[in-house]
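One letter stands for each residue in the lines below.
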Amino acid sequence: MRLTVLGSSASYAGPGQACAGHLVQSGSTSVLLDCGNGVIANLGRVMEPGDLDAVFITHGHLDHFADLYTLQALLRYAPGGPSGRLDLALAPGLIERILAPLSSRGKDEFLEAFQVVDLVAGHTMEVGGLAVTPALVDHADPTFALLVEDGPIRLCYTADTKLGDRVMAVAAGANLLLAEATLPQEYAGQAPHMTASQAGTLAYQAGALQLVLTHLWPTNDRESAQCEATAAFGSHVHVATEFDVFDIGPQ
Ligand SMILES: [Zn+2]
Ligand SMILES: [Zn+2]
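Each chain has its residues counted from 1, following the order in which its sequence is written. Lettering of chains starts at A and numbering of ligands starts at 1, both following the order in which they are written. Per-residue local features of the predicted model are confined to residues with pLDDT of at least 70, and side-chain atom pairs are confined, for both listing and counting, to 80 or more; whole-chain, interface and lining totals are unaffected and use all residues.

How do you make sense of the pairing of strand β3 (residues 29–33) when you look at a structure like this?
Every other side chain in a regular strand lies on the same face of the sheet, so the side chains alternate between the two faces. Once C-beta atoms are placed from the backbone, each residue is buried if 20 or more other C-beta atoms lie within 10 Å of its own, exposed if 12 or fewer, and partly exposed for counts between those two. The helix and strand labels rest on DSSP assignments: H or I over at least four residues marks a helix, E over at least two residues marks a strand, and numbering proceeds from the N terminus. Where burial is concerned, most of β3 is hidden: four out of the five residues are buried. Paired strands, in this sense, are two strands between which DSSP finds at least two bridges. Both strand β2 (residues 21–26) and β3 contribute to a ladder of five bridges, which runs antiparallel. Directly across from histidine 22, in β3, lies its bridge partner leucine 33. What sits between β2 and β3 in their antiparallel hairpin is a turn of two residues, with glycine 27 showing a positive phi close to 55°. Of the strand pairs in this sheet, β3 and strand β4 (residues 54–57) are connected by three bridges, and their pairing is parallel. Within β4, the position partnered with leucine 33 by the bridge is phenylalanine 56.

Structure follows, in structure tokens:
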């Protein structure tokens, strides 16, 4: 299973970066986990976006879904004509909000581009060789962490969440834990997000083999985040940068 970072920024995109977006691939299967501002431009440098097999949106914050409009236009104006509907799995209730700013024709075009289904906690969705299982975490209501399994290999993407039992359960035993680390230390506890140190604690307590931090504000000091997470995890931690690639296998 291969993870490619397309967007590592939280809330707004830093220079040359993008908001939340992570590509997971195995064999000929490609799934996109979140689709924040700027993700589709970066995805186009890695693969043909129209060849995606499914898109998963963890929750209804703009930095996780804003580029769905970009993806819809790309699919509609493909040189070979509109592609078939792309599977789009969303937090329940989000489709109404996504459609709200669109004209009635725009709404129709959006629903022509995507086959929309709701995420259901604990309900595994098979996409090619990958199995994706959503789990509720503690952030905006509802927000889903995503467990992506390729046979015995497990990638856990925390989405946005504070540290707690829910994210701990879904992260357990991950080969790679892709954890949000939004908050600088001085903001700890002030929002339903984690600090880098808490992401390290999560990885340690969950028994994860590898930790990658993502969803950092562009102004965060990434070196400090890396040091704080490494101290809590007890092993080397990587801070995600756009186009980083991680090949995840048994370790
Ligand atoms: Zn976010
Ligand atoms: Zn959020």
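After that view of the structure, there is still more to cover.
Would you mind showing me how to read the nonpolar core here?
Across soluble globular proteins, nonpolar side chains have a tendency to be buried as a group. Among buried residues, those of type Ala, Val, Leu, Ile, Met, Phe, Trp, Tyr and Cys that are joined through C-beta atoms within 7 Å form a set called a nonpolar core. Leu155, Leu211 and Leu213 are the most contacted members of the largest nonpolar core, which totals 83 residues. Not counting residues up to four positions away in its chain, the partners in contact with leucine 155 are Met1, Leu3, Val24, Val148, Ala174, Asn175, Leu176, Leu178 and Ile248. Our contact criterion uses C-beta atoms placed from the backbone: two residues qualify when those atoms are within 7 Å.

Looking at this model, I keep getting lost on the sheet that holds strand β8 (residues 130–137). Mind explaining?
Within a sheet, each strand pairs with its neighbour through backbone hydrogen bonds, oriented either parallel or antiparallel. Strand order in the open sheet made by the seven strands is β7-β8-β9-β10-β11-β12-β13, with mixed pairing throughout. With partners counted over all chains shown, the strands left at the sheet margins are β7 (125–127) and β13 (237–239), one partner each. Strand-to-strand twist in this sheet, taken as the mean axis angle between neighbours without regard to direction, amounts to 20°. The pairing of strand β12 (residues 211–214) with β13 spans three bridges and is parallel. Paired with leucine 211 across the two strands is valine 237, which belongs to β13. Between N-to-C directions, angles cover 0 to 180 degrees, with each direction set by a line fitted to C-alpha atoms, over the stretch in contact for helices. Taken strand by strand, helix α7 (residues 196–206) contacts β11 (176–180), β12 and β13, and its axis lies near 150° from that of β11. Where helix α8 (residues 222–233) meets the sheet, it contacts β12 and β13, and its direction lies at approximately 155° from that of β13.

So yeah, pure geometry; function would need other evidence.
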